[in-house]
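Per-entry structural report
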Amino acid sequence: MSDRYIEFANSSVGHRLVSALGLPAPVHLERWMAGRTRPVDGALLIGGEGPLAKAAAGLLNRLTDSSYADQEGRFERPRWTAEHGPKLKAIVFDASDLVNTDQLIRLRDFFQPTLKALAPCPRVVVLGRPPETLADPFTASAQRSLEGFTRSLGREIRHGGGVQLLYVGEGAEDRLEGALRFFLSPKSVYISGQVVRLASNDGQVDDWTRPLAGRRALVTGASRGIGAAIAETLARDGAEVILLDVPQARESLDALAARLGGRSLCLDISTDEAPQDLVTALPEGIDIVVHNAGITRDKTLAKMSEAQWNAVIDVNLKAPQVLTQALLEHGTLRDGGRVVVVSSTSGIAGNFGQTNYAVSKAGLIGLVQAWELELAKRAITINAVAPGFIESHMTAAMPFTVREAGRRMNAMGQGGLPQDVAEAIAWLVQPTSGAVTGQVLRVCGQSLIGA
């Protein structure tokens, strides 16, 4: 569904009126397009004096054709200045060497000059060390401070920009490439204010144009909307896709599977027979499972029937639990596999009239956190994505005022697209993303609601 307010705000007349009235002025977000050769299309600035800067600097030629340093000749790069440098499309700052309160001023000193020299839709990544792994309490405090900084900067950066914090564990320095390729590119355009932890991992990507080549992926709820976008994106990245949806969606499911060179699987995941039926339908095994299928039955708790409650819990929460368990017990999900569940910001912050939905989505986050260590024994990762307001058939059915509020109540002043959720999932299931597990990645434009 088109967002007419964005079109108006970016017109010549609308821009003047919006500015005069102090209304939100969302920009058209830049998204990944086929044919790009570099994650960053523009100038990248690298700064900071910590050890992670050196690791990131070794990747610069693979990230962009134009890179600069904060000091002349550092990493054999020219110095960037606000007076003479080009507009910045991406920034990487290593804050991992900040060990006390006095050193935090470096954040201000480095970033302040850059804020007036940003290209449209800039991407910023701050690098640090996981505070929970640091013995010195003052150092841990300084590193934890980075979360407040990056989340606040994400709300100030404007221009359709995003800011993330990557906590890089000891020995995980070689995992930076996959994360920087994602978070510095338009693939992460609707993600901001997020904190991601990278751990050591052996996964490698041979061809970054097809990072999922040779992998088989199952996507539930795949006939339309976010599920279809996930299937399309995984197929684009080289995966063989198996699309699952209810029998009523057979026609659209078959058409999409044919277009993507995959196969369709019609199955009601809420039935008692579904786990065994799914295992039987996948004799060759899979490497990736994305639990996207979900429904809503919105009512206030005072008016919600038992059937409405149970329907949502059965599809959204119970099905991912029992289906994943069956895939694991039968060895259908192979070692080194990837599990991603589609949660929601409603499961983090709650939402009026959605107690059943919020319960189911919060339960998925609990499942991710509870299964993390057990699945790690088989080198399987499990993560959640939590979309905010995404333009889809579900949000199109909302009342106008509720829909407009959902679109504007985030740092980017607009709703996301199904592609934005799909890109996040495609990154989480890559081989190098074995460095990320047990985590929740919000795809919400840095919503004003929730953590």
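Below or above, wherever it landed, is the structure these notes cover. (Residues numbered from 1 in each chain as written. Predicted model: local features only at pLDDT ≥ 70, side-chain atom pairs only at ≥ 80, totals over all residues. Heavy atoms only, no water.)

Quick look at the overall build of the chain now. When helices and strands are counted, the chain shows 16 helices and 13 strands. Here the chain has a C-alpha radius of gyration of 22 Å; the compact-globule value for 451 residues is 22 Å, and the two agree. Each principal axis of the C-alpha atoms in the chain carries an extent, and together these give about 65 × 55 × 45 Å. Within the span of the chain, comprising 451 residues, buried residues form 55% of the whole. (Helix = DSSP H or I, 4+ residues; strand = E, 2+ residues; numbered from the N terminus. Rg over C-alpha atoms; globule rule 2.2 N^0.38 Å. Buried < 20%, exposed > 50% of the residue type's maximum accessible area, 1.4 Å probe, protein only.)

Another point: the sheet that holds strand β7 (residues 216–220). Taking strand neighbours across the sheet as the criterion, the seven strands line up as β9-β8-β7-β10-β11-β12-β13 in an open arrangement whose pairing is parallel. Each edge of the open sheet is held by one strand with a lone partner, namely β9 (263–266) and β13 (440–443). Between one strand axis and the next, the sheet turns by 20 degrees as a mean value, whatever way the strands run. Relative to strand β10 (residues 286–291), β7 runs parallel, the two sharing three bridges. Bridging from a neighbouring strand, A217 pairs with I288 of β10. In the packing of helix α13 (residues 355–376) onto the sheet, contacts are made with β11 (333–342), β12 (381–387) and β13, and the angle to β12 comes to roughly 160 degrees. (Pairing = 2+ DSSP bridges. Axes fitted to C-alpha atoms, helices over the stretch in contact; angles between N-to-C directions. Contact = heavy atoms within 4.5 Å.)

Taken together, F8, L17, L21 and L23 make up a surface patch of nonpolar side chains, about 370 Å² in accessible area. Position of L17 relative to the elements: it lies in helix α2 (residues 12–21). Given a relative accessible area of 41%, L17 falls into the partly exposed group. (Patch = residues over 30% accessible without salt bridge, like charges linked within 9 Å, V, L, I, M, F, W, Y side chains within 5 Å. Areas by Shrake-Rupley, 256 points an atom, 1.4 Å probe, with all protein chains shown as cover. Salt bridge = Lys/Arg side-chain N within 4 Å of Asp/Glu carboxyl O.)

Under the criterion given, the structure shown has 24 salt bridges. Between E30 and K89 there is a salt bridge, with the nearest N and O atoms lying 2.7 Å from each other. Here E30, found in the loop between α2 and β1 (43–48), pairs with K89, found in strand β3 (residues 88–94); they are 59 residues apart in sequence, far enough to count as distant. Its relative accessible area of 23% is what places E30 among the partly exposed residues. A relative accessible area of 14% places K89 in the buried class. Taking the shortest distance from any N to any O, the salt bridge between R407 and E391 comes out at 2.7 Å. On the criterion of sequence distance, the pair formed by R407 in helix α15 (residues 400–408) and E391 in the loop between β12 and α14 (393–396) is long-range, its members being 16 residues apart. A single burial state applies to R407 and to E391, both of which are buried. Taken together, the salt bridges that share partners define one network made up of E30, R36 and K89.

Given a rise of 1.5 Å per residue, 20 residues ought to cover 28 Å, and the 29 Å separating the end C-alpha atoms of helix α6 (residues 137–156) matches this to within 8%. When we look at burial in α6, the residues that qualify are T139, A140, A142, Q143, L146, E147, T150, L153 and G154. Structurally, α6 contributes buried residues whose contacts are with α5 (105–111), β4 (118–128), β5 (162–168) and β6 (194–198). Where α6 starts, the residue carrying a side-chain oxygen 3.2 Å from the main-chain nitrogen of F138 turns out to be D136. R158 occupies a position one or two residues after α6 and carries a positive phi of about 55 degrees. (Expected span 1.5 Å × (residues − 1). Polar contact = N/O pair within 3.5 Å; in protein donor to acceptor, adjacent residues only side chain to side chain.)

We now examine the pairing of strand β8 (residues 240–245). Burial analysis of β8 places five of its six residues in the buried class, the great majority of the element. Pairing of β7 with β8, which is carried by five bridges, proceeds in the parallel orientation. By the bridge assignment for β8, R216 is matched with E240. A crossover links β7 with its parallel partner β8, the connecting element being helix α8 (residues 225–236), and its sense is right-handed. Relative to β9, β8 runs parallel, the two sharing four bridges. Paired with L243 across the strands is S264, a residue of β9. Each parallel crossover has a hand, and the one from β8 via helix α9 (residues 250–260) to β9 is right-handed. (Right-handed = clockwise from strand over helix to strand, strands pointing away.)

A word on the sheet that holds β1. Here six strands make up an open sheet; going across it, the order is β2-β1-β3-β4-β5-β6 and the pairing parallel. Because the sheet does not close on itself, it has two edges, and the strands there are β2 (66–69) and β6. Across the sheet, the mean angle separating the axes of adjacent strands is 20 degrees when strand polarity is ignored. In this structure, β4 lies alongside β5, joined through six bridges in parallel fashion. Bridging across to β5, L127 finds its partner in L166. Where α6 meets the sheet, its contacts fall on β4, β5 and β6, and the angle it forms with β5 comes to roughly 165 degrees. Those strands touched by helix α7 (residues 176–183) are β3, β4, β5 and β6, and its axis lies near 170 degrees from that of β5.

Counting 68 residues, the largest nonpolar core has L166, L180, F183, L198 and L234 as the members making the most contacts within it. Beyond its immediate stretch of four places on either side in the chain, L180 contacts A56, L59, L63, V92, V125, L166 and S185. Listed in part, the 32 residues of the second largest apolar core include L244, I269, L375 and I380. (Core = buried A, V, L, I, M, F, W, Y, C linked by side-chain atoms within 4.5 Å.)

Right, let's get into the environment of L176. Take L176: it is sitting in helix α7. Remark: the alpha-carbon pair of L176 and L198, spanning 22 residues in sequence, is separated by 8.0 Å.

Even without being a glycine, F75 presents a positive backbone phi close to 55 degrees. Considering the arrangement of structural elements, one finds F75 in the loop between β2 and β3. On the accessibility criterion, F75 (23% relative accessible area) is partly exposed. We note that R158 has phi near 55 degrees; this positive angle belongs to a residue other than glycine. In this structure, R158 sits in the loop between α6 and β5. A relative accessible area of 61% means that R158 is categorised as exposed.

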